Amino acid sequence: MTVYPLTGIIRPYAWGSRTAIAELQGRPTPAEGPEAELWLGAHPGDPSTVPGPDGPVDLIGLIAADPGGQLGDEVVRTFGARLPYLLKVLAAGAPLSLQAHPDADYAKVAYARQEADPDAPKNYTDAHHKPEMLVALTPFEALCGFRRPAVAAEVIGEFQIARLEPVVTALRAGDLAEAVRLLLTWPADDRNALIDEVVAAARAIPAGHEHADSFRLAIDLAAHYPGDPGVLVALLLNLVRLEPGEAIWMPAGNLHAYLNGLGVELMAASDNVLRGGLTPKRVDVDELLRVLRFEVLDDPLLPATPIEPGVDTWTVPVNDFALYRIELDGARPPVEVPAHGPRIILCTAGTVFAGQSEDGTPVELQPGTAAYVPAGAGAIKVAGTGRVFVAAVPV
């Protein structure tokens, strides 16, 4: 089977950058509008395409015509006739919503319950979980997982706002669930005034304070989302700064939000998102509380594991996807891609050649372009000078 050039779809969410993806792909900047996510995969929301004899063919149709050849029998047995992962380039020009995703068992039950009741809130788009990881391509800031509640109590206590005392008390007792519930159910008619007071208090705290980053965060988030109690919920989370090449992992139930930067994101092929603030969209507090895991995450970073010189991976506890990074210096022989089954290869630097196209020549990849490798193509190699990320299924 051939290796196909893969064309993804850019989603124009309002929080997207007008420069990051365009610069990666070598296009003029700024773009006409925000470019938030480049989707590479077979998700029904925006499937990627490959060249066909009569024009572009989307991956869903390609897979449906030959599931075994495209995915491999083991992937079909495990996941059905669908690509179980979605690869993205994510460009956050403004903070995203606080969000979490259900685990596999809960997603299946919740989706079935929702579909059986026409009056039920439409929280779920499918019956699948959505664990995800992100590797930074530029300096990247994110909120990821709950920090120690005693630290969060110190931060919120510094504002010296009397009506926040029940939140501080819950945090001092280690009750993250109660603190989140109190904030997300804050009376609507007091939210603007509360967040205004938080911002004023944060501005008054000296810059050298040990929690200065948290106060800066509150000011910045309130500028984007005035009157949103998610500004305070964010202070319960770890503020993570990634350098290029560093990664974070967001399992089911992990409350997180991307703040700014460009990264490669890989996730299970689902669009189930439960929001917890920093958004004009609806927040279903009860459902979010059922999904969240109120566990302290001391170290949100996900370390890379070297496989061989120039080839790394990241170990994650799911079988929907695996991610590899291959660095090519131009002097080494072609490197075999350390994965089989359906693969997507994304170039983020240099010029890289992958496998063979239909006419027998290698598929040339430049930054921000990708290739799709069916399971039936077997082992393939990449060569050139640059960097690629490879998404695969580890079954």
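This text goes with the structure placed above it.
Engineer: How would you explain the overall build of the protein chain if you had to name every residue and give the values?
Structural biologist: The helix and strand inventory of the protein chain stands at twelve helices and 21 strands. Here the protein chain has a C-alpha radius of gyration of 22 Å; the compact-globule value for 395 residues is 21 Å, and the two agree. With the principal axes as the frame, the protein chain shows a C-alpha extent of 70 × 50 × 40 Å. Evaluated residue by residue, the protein chain yields a buried proportion of 54% over its 395 residues. For the protein chain, the share of sequence-separated contacts (at least 6 apart) that also reach a separation of at least 24 residues comes to 74%. Counting only carbon and sulfur atoms, one obtains 53% of the accessible surface of the protein chain, whose full area is about 16,300 Å².

Engineer: Summarise the packing of aromatic side chains; cite the residues concerned and give the values.
Structural biologist: Evaluation of the coordinates by the stated rule reveals eight aromatic pairs. Taking 6.4 Å as the distance between ring centres and 15° as the angle between the ring planes, the aromatic pair formed by tryptophan 314 and phenylalanine 389 counts as stacked. A residue pair is termed long-range when its members are at least 10 positions apart, and tryptophan 314 in strand 15 (residues 311-314) and phenylalanine 389 in strand 21 (residues 381-392) qualify at 75 residues. Summarising the burial analysis for this pair, tryptophan 314 and phenylalanine 389 share the class buried. Cation over ring: arginine 11 sits above tryptophan 39, and NZ or CZ is 3.8 Å from the ring centre.

Engineer: Let's hear about the packing of helix 6 (residues 149-157) against helix 7 (residues 165-172): which residues, and what values?
Structural biologist: The N-to-C vectors of helix 6 and helix 7 enclose an angle of 160°; their axes lie 8 Å apart at closest approach. Between helix 6 and helix 7, the crossing angle belongs to the class labelled roughly antiparallel. Here helix 6 runs over helix 7; the crossing is left-handed. Contacts from Pro149, Ala150, Ala152, Ala153, Ile156 and Gly157 of helix 6 reach helix 7 at Val167, Val168, Leu171 and Arg172. Counted by class, the contact of helix 6 with helix 7 contains eight nonpolar, one polar and one charged residues.

Procedures and definitions
Residues numbered from 1 in each chain as written. Predicted model: local features only at pLDDT ≥ 70, side-chain atom pairs only at ≥ 80, totals over all residues. Heavy atoms only, no water. Helix = DSSP H or I, 4+ residues; strand = E, 2+ residues; numbered from the N terminus. Rg over C-alpha atoms; globule rule 2.2 N^0.38 Å. Buried < 20%, exposed > 50% of the residue type's maximum accessible area, 1.4 Å probe, protein only. Contact = heavy atoms within 4.5 Å. Areas by Shrake-Rupley, 256 points an atom, 1.4 Å probe, with all protein chains shown as cover. Phe/Tyr/Trp six-rings, centres within 6.5 Å; stacked < 30°, edge-to-face > 60°. Lys NZ or Arg CZ within 6 Å of the ring centre and 35° of its normal. Axes fitted to C-alpha atoms, helices over the stretch in contact; angles between N-to-C directions. Parallel < 35°, antiparallel > 145°, perpendicular 65-115°, else oblique. Left-handed = near helix turned anticlockwise from the far one by under 90°. Nonpolar A, V, L, I, M, F, W, Y, C, P; charged D, E, K, R; others polar.

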